[in-house]
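Results of the structural survey
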Amino acid sequence: MNTRTPLIAGNWKLYKTSPQAVKTAQQLVELVADTVEVDIMIAPVFTALDPVSKVVENSRVALGAQNLYWEKEGAYTGEISADMLVSAGCQYVIIGHSERRQYFGETDETVNKKIRAAIDAELIPVFCVGETEVERESGQTFSVLDKQVKKGLEGYFAKDLGTLVIAYEPVWAIGTGKTATKEQAQEAHEYIRSLIDRNFDKTLAQSVRILYGGSVKPANVSELMAMPDIDGALVGGASLEAESFSNIVKFK
Ligand code: PGA
């Protein structure tokens with residue numbers, strides 16, 4: 001048995017206006033009020049962070065952002081800093097999501113700088129990695145994970161990464177309804193944990209939480225969570241409704 005507290009995180013992507021986000025957050029807070037031994041996070045769009053933070057205050061639900069920029073302030077039109085997210089009530093930030101890598105030019109190098117900014121501001125980074133379908137089919141899954149983890153965390157020491165969360169999200173499983181099998185997910189998670197051991201140390205490898213993401217639903221969460229190296233889920237589509245997300249939170 002490990003001592004890692006599961007984390008179920010909802011990535012709301014580019015959905016929900018502020019009133020809609022507030023409403024879903026209110027419903028969720030009620031539905032998960034009696035849960036224990038699981039951490040819960042939701043990541044709405046930037047403009048909804050402040051109003052949603054007031055809803056989730058003193059509840060079981062923590063707030064996260066979907067991205068940040070690594071500079072503290074300056075002439076960087078359209079960006080947002082780690083301190084600004086903290087002041088809007090965030091405890092977590094998702095970094096390097098495959099949609100950001102695919103559509104917004106995110107690279108292992110920018111991901112690396114963003115993780116630093118998050119840690120410096122005491123935000124918990126949810127660092128996303130995962131292979132595409134072509135990479136999996138050509139047998140490159142492990143080498144892709146190796147590169148993403150190594151470059152994303154280059155220059156860090158184990159002591160910097162005490163709060164780090166990693167999300168394994170095979171790109172081919174995101175929003176497609178094609179969940180990785182529990183064996184495929186476990187194999188990748190075990191490999192990522194071995195990378196942390198190899199690049200840092202055993203203590204960090206044992207404590208780091210590794211979430212699975214990619215078409216997680218109430219119907220498949222339990223079998224995924226039963227795997228030894230799966231410590232939680234990063235949920236997109238099925239996190240948008242409070243009812244279905246709360247059923248994922250109560251996976252046992
Ligand atoms: P999905 O998204 O659950 O809709 O597949 C997961 C994610 O992108 O984090």
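Scroll up for the structure.
Summarised in this report is the structure supplied together with it.

Rules and cut-offs
Residues numbered from 1 in each chain as written. Predicted model: local features only at pLDDT ≥ 70, side-chain atom pairs only at ≥ 80, totals over all residues. Heavy atoms only, no water. Salt bridge = Lys/Arg side-chain N within 4 Å of Asp/Glu carboxyl O. Helix = DSSP H or I, 4+ residues; strand = E, 2+ residues; numbered from the N terminus. Buried < 20%, exposed > 50% of the residue type's maximum accessible area, 1.4 Å probe, protein only. Pairing = 2+ DSSP bridges. Axes fitted to C-alpha atoms, helices over the stretch in contact; angles between N-to-C directions. Parallel < 35°, antiparallel > 145°, perpendicular 65-115°, else oblique. Left-handed = near helix turned anticlockwise from the far one by under 90°. Contact = heavy atoms within 4.5 Å. Nonpolar A, V, L, I, M, F, W, Y, C, P; charged D, E, K, R; others polar. 1 Å grid on protein atoms, 1.4 Å probe; cavity = no way out; pocket = protein on both sides within 12 Å on 5 of 7 lines; lining within 4 Å. Points joined across faces, edges and corners; volume = space filled by probe spheres on them.

**Examining the pattern of salt bridges**
Counted under the stated rule, the structure contains 17 salt bridges. One salt bridge connects aspartate 231 with arginine 4, and the closest N-O pair in it is separated by 2.9 Å. Of this pair, aspartate 231 sits in the loop between α10 (221-225) and β8 (232-235) while arginine 4 sits in the segment before β1 (7-11), and the two are 227 residues apart along the sequence. In this pair, the class of aspartate 231 matches that of arginine 4, namely buried. Salt-bridge contacts for aspartate 197 lead to lysine 202; the nearest nitrogen and oxygen are separated by 3.0 Å.

**Some details on the pairing of strand β7 (residues 209-213)**
In terms of burial, β7 is largely enclosed, as 5 of its 5 residues are buried. Of the two faces of β7, the one carrying Arg209, Leu211 and Gly213 and the one carrying Ile210 and Tyr212 are both buried. Pairing geometry for strand β6 (residues 165-168) and β7, over 4 bridges, is parallel. Each residue of the ladder has a partner; that of tyrosine 168, found in β7, is tyrosine 212.

**Some words on the environment of glutamine 26**
Topologically, glutamine 26 is positioned in helix α1 (residues 18-31). Sequence separation between glutamine 26 and valine 56 is 30 residues, and the spatial gap between their C-alpha atoms is 7.5 Å.

**Notes on the packing of helix α7 (residues 141-152) against helix α8 (residues 182-199)**
Where α7 contacts α8, the two axes come as close as 10 Å, and the packing angle between them is 40°. As the angle between them shows, α7 and α8 are arranged oblique. Judged by the sense of rotation from one axis to the other, the crossing of α7 with α8 is right-handed. Residues Phe142, Leu145, Asp146, Val149 and Lys150 of α7 touch α8, and the partners they reach there are Glu187, Ala188, Tyr191, Ile192, Leu195, Ile196 and Asn199. Grouping the amino acids of the contact of α7 with α8 by side-chain chemistry returns 8 nonpolar, 1 polar and 3 charged.

**Examining the layout of surface pockets**
Here the largest pocket defines a volume of roughly 460 Å³. What lines the largest pocket is a set of 20 residues, among which Lys13, Leu14, Gln66, Arg100 and Phe104 lie closest to the centre. At 3 residues, the largest contribution of residues to the lining of the largest pocket is made by helix α4 (residues 98-103). Looking at the lining of the largest pocket residue by residue, the classes come out as 11 nonpolar, 5 polar and 4 charged. Quantified by volume, the second largest pocket comes out at close to 280 Å³. Of all elements in the fold, only α4, β5 (124-129) and α7 reach the threshold of two or more residues within the lining of the second largest pocket.

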